[in-house]
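Observations on the model geometry
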Amino acid sequence: MAGLVGNLLILFFVFQNICLGFRSSLSVFKRYKETTRLLSNECPGSDRPVISVGLSDFALDIRMRGVTPKQSDTYLCMSVPLPVDDEAYVVDFKPHASMDTVHHMLLFGCNEPSSTENYWDCDKGTCKDKSNILYAWARNAPPTRLPKGVGFRVGGETGGRYFVLQVHYGDISAFRDKHKDCSGVTLHLTHQKQPLIAGMYLMMSVNTVIPPGEKVVDADIACHYKRFPMHLFAYRVHTHRLGKVVSGYRVRNGQWTLIGRQSPQLPQAFYPVEHPVDVSYDDILAARCVFSGEGRTTETHIGGTANDEMCNFYIMYYMEAKHAVSYMTCTQNMNPEMFRNIPQEANIPIPVKSDMLKMMHGHHEETKDTDKSSLLQQAKKEEGEILDQGDFYSLLSKLLGEREDVVRVHKHNPTEKAESDLVAEIANIVQKKDLAREITSHDEGENTILVRDRIHKFHKLKPTLRPPDHRHFSLQQPKHGEGNWEKEHAGDFHIEEAVEWPGLDLKLGQVSGLALDPENNLVIFHRGDHVWDENSFDSKFVYQQRGLGPIEQNTIIVLNPSNAKLLNSVGKSLFYLPHGLSIDKNGNYWATDVALHQVFKLGANNKEPLLILGVALQPGSDKNHFCQPTDVAVDPITGSIYVSDGYCNSRIIQFSPNGLYMMQWGEGTETSLGRARPGQFRIPHSLALIPDFSQLCVADRENGRIQCFRLETGEFIREIKHKSFGRELFAVSYAPGGLLFAVNGMPYPGEAEPVQGFVMNFSTGEIIDTFIPVRKSFEMPHDVVASADKTVFVGDVHARAVWKFASTEKMEHRSVKKAGIEVQEIKADGEHKLDSSSGRILGRLRGKGSGGLNLGNFFASHKGYSRKGFDRLSTEGSDQEKDEDDGTDSEEECSAPPPPSAPSSS
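My aim in this report is to walk through the structure given alongside it, one point at a time. Counting restarts for each chain, with residues numbered from 1 along the sequence as it is written. A pLDDT threshold of at least 70 governs which residues receive local features in this predicted model, and a stricter bar of 80 or more applies before side-chain atom pairs are shown or counted, although totals over entire chains, interfaces and linings include all residues. Calculated side-chain values reflect all of the structure's heavy atoms, with hydrogen atoms and water omitted.

**A word on the overall build of the protein chain**
Secondary structure follows DSSP: runs of H or I at least 4 residues long count as helices, runs of E at least 2 residues long count as strands, and numbering of each begins at the N terminus. When its secondary structure is counted, the protein chain shows ten helices and 50 strands. Here, Shrake-Rupley sampling with a 1.4 Å probe gives the accessible areas, and only protein chains in the shown set may cover a residue. Total accessible area on the protein chain stands at roughly 35,700 Å², and carbon and sulfur atoms take up 50% of it.

**Focus on the sheet that holds strand S23 (residues 495-497)**
Between any two strands, pairing holds if DSSP finds at least two bridges. Read from one edge to the other, the open sheet built from four strands follows the order S23-S48-S47-S46, with strand pairing classed as antiparallel. The open sheet has two edge strands with one neighbour each: S23 and strand S46 (781-786). Pairs of neighbouring strands in the sheet enclose a mean axial angle of 25°, with direction left out of account. The pairing of S46 with strand S47 (residues 792-796) spans five bridges and is classified as antiparallel. Across the sheet, Val 784 pairs through a bridge with Val 794, a residue of S47. Inter-axis angles, ranging from 0 to 180 degrees, are taken between N-to-C directions of lines fitted to C-alpha atoms, where helices are fitted over the stretch in contact.

**Focus on the environment of Asp 123**
Take Asp 123: it is sitting in the loop between strand S6 (120-121) and strand S7 (132-138). Only protein chains enter the accessibility calculation, which uses a 1.4 Å probe; a residue whose area is less than 20% of its type maximum is buried, one above 50% is exposed, and one in between is partly exposed. Look at Asp 123 and you get partly exposed, because its relative accessible area is 25%. When the C-alpha atoms of Asp 123 and Cys 77 are compared, they prove to be 9.2 Å apart, with 46 residues separating the residues in sequence.

**A few points about the state of the cysteines**
Only a pair of cysteine sulfur atoms within 2.5 Å qualifies as a disulfide here. Applying the stated criterion across every chain yields a total of six disulfides. Residue pairing for Cys 289: its cysteine sulfur links by disulfide to Cys 311, the two sulfurs lying 2.0 Å apart. Its S-S torsion of about 85° marks the bond between Cys 289 and Cys 311 as right-handed, since a negative value means left-handed. With Cys 289 in strand S19 (residues 284-291) and Cys 311 in the loop between strand S20 (300-301) and strand S21 (312-320), this residue pair connects regions lying 22 residues apart in the sequence. Overall, the relative accessible area of 0% leaves Cys 289 in the buried class.

**Here's the deal with the packing of aromatic side chains**
The criterion for an aromatic pair is that two Phe, Tyr or Trp rings (for Trp, the six-membered ring) have centres within 6.5 Å, with stacked assigned to planes under 30 degrees apart, edge-to-face to planes over 60 apart and tilted to the rest. Applying the stated criterion across every chain yields a total of 27 aromatic pairs. Note on Trp 256 and Phe 339: the rings are 5.7 Å apart at their centroids and 65° apart in plane angle, and the pair reads as edge-to-face. Taken together, the residues Trp 256 in strand S17 (residues 255-262) and Phe 339 in the loop between strand S22 (327-330) and helix H3 (354-361) connect sequence positions 83 residues apart. By relative accessible area, Phe 339 is classed as buried at 5%.

**Topic: the sheet that holds strand S39 (residues 695-700)**
Read across the open sheet, the four strands follow the order S38-S39-S40-S41; overall the sheet is antiparallel. The sheet terminates laterally at strand S38 (684-690) and strand S41 (716-720), the two strands that pair on one side only. Across the sheet, the mean angle separating the axes of adjacent strands is 20° when strand polarity is ignored. Across six bridges, the pairing between S39 and strand S40 (residues 705-710) is antiparallel. The residue of S40 that forms the bridge with Leu 696 is Phe 709.

**Here we look at the pattern of salt bridges**
We count a salt bridge whenever a side-chain nitrogen from Lys or Arg sits within 4 Å of a carboxyl oxygen from Asp or Glu. Counting across every chain of the model gives 22 salt bridges. A salt bridge links Arg 252 to Asp 278; the nearest nitrogen and oxygen atoms lie 3.2 Å apart. Pair noted here: Arg 252 is in strand S16 (residues 243-252) and Asp 278 is in strand S18 (residues 271-279), with a separation of 26 residues, a long-range link. The partner of Arg 710 in a salt bridge is Glu 715, and the shortest N-O contact between them spans 3.4 Å. Take Glu 715: its relative accessible area is 45%, and that puts it in the partly exposed class. Among the charged side chains, a salt-bridge network with shared partners connects Arg 250, Arg 252, Asp 278 and Asp 283.

**Details of the nonpolar core**
What is meant by a nonpolar core is a set of buried Ala, Val, Leu, Ile, Met, Phe, Trp, Tyr and Cys residues, joined one to another through side-chain atoms within 4.5 Å. Ile 62, Phe 93, Phe 163, Leu 187, Leu 189, Tyr 201 and Met 230 are the most contacted members of the largest nonpolar core, which has 97 residues in total. Those residues within four positions of Phe 93 in sequence are excluded, and the remaining contacts are Leu 107, Leu 134, Tyr 135, Pro 143, Thr 144, Leu 146, Phe 152, Val 185, Thr 186 and Leu 187. Should any heavy atoms of two residues lie within 4.5 Å, those residues are counted as being in contact.

**A closer look at the pairing of strand S29 (residues 589-593)**
Within S29, five of the five residues are buried, leaving the element largely enclosed by the surrounding structure. Burial along S29 is two-sided: Tyr 589, Ala 591 and Asp 593 facing one way and Trp 590 and Thr 592 facing the other are all buried. Two elements, strand S28 (residues 578-583) and S29, share four bridges in a ladder whose sense is antiparallel. In the sheet register, Pro 578 faces S29, and the bridge partner there is Asp 593. Turn length for the S28-S29 hairpin, with the two strands adjacent in sequence and antiparallel, is five residues, and the turn residue Gly 587 shows positive phi of about 85°. As defined by bridge partners, S29 adjoins strand S30 (residues 598-602) across five bridges and the pair is classed as antiparallel. Looking at S30, one finds that Ala 591 is bridged to Phe 600. Taken together, S29 and the strand that follows it, S30, pair antiparallel across an intervening segment of four residues, in which His 597 is found at a positive phi of about 60°.

Written out as structure tokens, the structure is:
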């Protein structure tokens, strides 16, 4: 029996590790054993830094390794590797510290710590690469649990592989007894994929000056938000002792919506946003800190000493996983004038009673040492538990009007709700500006119920703002073993708009076609001042506006794909109604004109066509005529020409390289018979030639599908059709390596499928990703083209715009030099740009370890700086923070004339 039990235990352990996703459990835990063997026995958890919690979760204990700081205001850092190689998510933070010895803690995620020592002076920096703030703690703030379904992403291909803990030790008198500090945080991590990814947005003033004796001084911060939607659920404020109130807002169309407002002299926890706020592209995030310079005799600047100030507003948010950005900052005021309209509440200080201020300073000065000693003993006594919350609950008791003994019941006999509800309740009171008055509307018994049961629990916040229902969290995956993209695209391939690309602002006519030339320059085919509307054709598809003459503007323009700079333009006085465009391997342009019913071959620098197929202005269905041809594809191997023809024909025609007719296939769709059969078309609208597989894929527009055929014979191979395509699929493009890109049409009335772009595994046909723009909106995306590096362009005939999209892996951070200062910015499509002054300042703030901004290092260089100037209340400025620092109806490409078989045109 004993042997059986032993075997079962072994099997359970093996199964548990498999479920946790540990790729090499033995080496991982060996690494941890070596990391922790030097820890002092005084530190709880030092012998078990990683603890399994269920089948997919584990806890990670990150603690200072029995350190004894030698002087006040010491910053010590230590690192812990992520114990797994696979992606994981942090869903809970539990701090282990007391404000009696620790001024603040910050937890960063990165790939390479600044040092490999057991611990080091943070003057060396935190991380060698980019670092993201995951967690901040100060002033006995309570634990922070994220909403359900939300987590900070770590490990895997994109997440950091190390945690770096920074601890700022304020007054070190508590260490006179040779006490060794074990402050830190315990993380709860899970391998379960979280649909929503948490992140930190930091708003920070870097150039505020507070004149001496000035009664009211405002520090304002504001930036345009240039990303996919994010949803705010918690906030934290920070100043030093001159701060009276800090307020944060979302500004949309001139309307100010409160994110959070609080006195910075209260416990600096992350408090829940009372009414969670969503932030969309081009909203403004704004914050104001109100200071008073009364009592000062000299100017006060941003800095880390007791005589300096800080103005920080932290926001915790979540985003859809595929669009998530883990860390963003705003360090400037892009529009000072807008603050004339800030709600008046932002200017009203939140009063805090003097005894509360004394408590927040730590203790009364005369009893400081005694209280420190007792608190230290209490902390040692409860070393295996969470921090001593005595002062915190005592403070809350005064704020909430409760008797001290009632709060002690919560502390020593906690219910599930007590702690989190107290935190939420204090946040609620702060929001209502009621700190100065006692709660008098309830008796003591009712107050207990109020504290325990009233406000929603921060520990169990639910993300009340979800992305729209059509934005799916789980994406369809390719079948294992099929195609050659499964390794790279196992649900982690995402593209999103390159929001800083200026090409969206081009003055274009109706954009009908896109292509990339052999140098990967973007080529756009547009209609200038001509439009396709209901007056363009008669019932026999004959063009009715010949009197306008050809388009007098250059209809083909060539742009640098990085900066949208014009490189070349041709096609003047040649086309009437441009439609499709492709480019062969020699750089020749192949274009179709639906008014002329012709196909043209143009040299990149030739004004006259090299080849013309079809008869001008004569629609037809024989070997020599087209009827509104839509697109062209040229085989790079054989030179064969394929034409999709078109709006009033339903066929694909193959020509020799010299333009001789070779064969055709396809027929119209018999709508009365229900679903269209293979080889039937209802507007073959766009072509994608796949030389890797000798196939030609056709966007069968009105049948809402892609059909693929064998190049040599025209033999049908397969259909790709998804419900999410809706009724119309406008265009398809192939990227070398195995990806198909497509765009659909607007939903019909009463239908829900949105207009969007699709990324598909060519081998399986399954959808890997969907994408939409954040600037403007798709109206009628007409063509799509993709490059080998997965850069995608979409042209819209109604919006008269061209969007650029890039894979998120191309938009990761990179280090660049700005005015000689190394800073972090977003590759290709940067986050918030720094003005010259804040760029210089933040460059200095970054310190030696370029992975993060260390205010302790920066302020140490200030003239007259002395670490002796710090105190425990007013120096949290050393929080290490990093700078990332319409078409009208008449203009619509509208109906192809009457026959039922010819739906709306474009």
